Amino acid sequence: MLDRDIFTWNAIISAHIKSDNHDHSELLFNTAPYKDSVTYNSMLSGYANGAGYETKAINLFKQMHSVRHEARVDEFSLTRMCNLTAKLGNLWYGKQLYSFMVKTGNDISGFAVSALVDMYSKSGCFDEAYNVFNGCSYGSIDMVSKNAVVAACCREGKVDMATEIFSNQAELNDVVSWNTMIVGYA
């Protein structure tokens, strides 16, 4: 692998992950001379999405947190871990993740809020999901986070609450919003 820079390594690792060749992508990851957040997040995403690789995703996230150079935990890492936590139904880990997000200021973006709402609601903790959304400042609510909380309300059978949220900031409603409400009423 002569004359390959970090972009080439990332592309090759990502291609192997997309083809579900986790063993080879892991080998490449471990031998890559340089790793950045993209390298780590590619592996993290591959592990989190792959069946049977969830523990490796958690361990890699812990490793990312301890790495002291360019590869640091970012918004993508955190939202991926929220999704994994919801998949595993591990509420304790989800609460630890949320605490980390608050501590590091990574809990305010729309994608972070929607991932947290989704994680809590799929873990059976609707109140926590709603509190995350409700704690957002007015300007940080976006279409994605609004759709996540509307879907959580509908899953919980709280259609009146979903309708109220849906009606507020109507400019943030899209096809997903409308479809979610239709399913909520069905």
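(A) How the structure looks around a nonpolar patch on the surface. On the surface, Phe111, Met143 and Val144 cluster together to form a nonpolar patch covering roughly 250 Å² of accessible area. Summarising the element assignment, Phe111 is placed in helix H7 (residues 110–122). The exposed category is assigned to Phe111, whose relative accessible area is 51%.

(B) View of the packing of aromatic side chains. Tallying each qualifying case throughout the model produces 6 aromatic pairs. Judged by centre distance (4.8 Å) and plane angle (85 degrees), the ring pair of Phe166 and Trp178 falls under edge-to-face. Of this pair, Phe166 sits in helix H10 (residues 159–167) while Trp178 sits in helix H11 (residues 175–185); the two residues are 12 residues apart in sequence, bridging distant segments of the chain. Here Lys35 stacks its cationic end above the ring of Phe29, 5.0 Å away from the centre of that ring. Over the ring of Phe166 we find Lys146, and its NZ or CZ is 6.0 Å from the ring centre.

(C) Layout of the packing of H7 against helix H8 (residues 126–134). At a closest axis distance of 7 Å, the pairing of H7 and H8 adopts a crossing angle of 165 degrees. In terms of their interaxial angle, H7 and H8 are classed as roughly antiparallel. Every pair of crossing elements has a handedness; the one defined by H7 and H8 is left-handed. Note on element contacts: H8 touches H7 through Phe126, Glu128, Ala129, Val132 and Phe133, opposite Val113, Leu116, Val117, Tyr120 and Ser121. Grouping the amino acids of the contact of H7 with H8 by side-chain chemistry returns 8 nonpolar, 1 polar and 1 charged.

Rules behind the numbers
Residues numbered from 1 in each chain as written. Predicted model: local features only at pLDDT ≥ 70, side-chain atom pairs only at ≥ 80, totals over all residues. Heavy atoms only, no water. Patch = residues over 30% accessible without salt bridge, like charges linked within 9 Å, V, L, I, M, F, W, Y side chains within 5 Å. Areas by Shrake-Rupley, 256 points an atom, 1.4 Å probe, with all protein chains shown as cover. Salt bridge = Lys/Arg side-chain N within 4 Å of Asp/Glu carboxyl O. Helix = DSSP H or I, 4+ residues; strand = E, 2+ residues; numbered from the N terminus. Buried < 20%, exposed > 50% of the residue type's maximum accessible area, 1.4 Å probe, protein only. Phe/Tyr/Trp six-rings, centres within 6.5 Å; stacked < 30°, edge-to-face > 60°. Lys NZ or Arg CZ within 6 Å of the ring centre and 35° of its normal. Axes fitted to C-alpha atoms, helices over the stretch in contact; angles between N-to-C directions. Parallel < 35°, antiparallel > 145°, perpendicular 65-115°, else oblique. Left-handed = near helix turned anticlockwise from the far one by under 90°. Contact = heavy atoms within 4.5 Å. Nonpolar A, V, L, I, M, F, W, Y, C, P; charged D, E, K, R; others polar.

These figures come from the coordinates and say nothing about function on their own.
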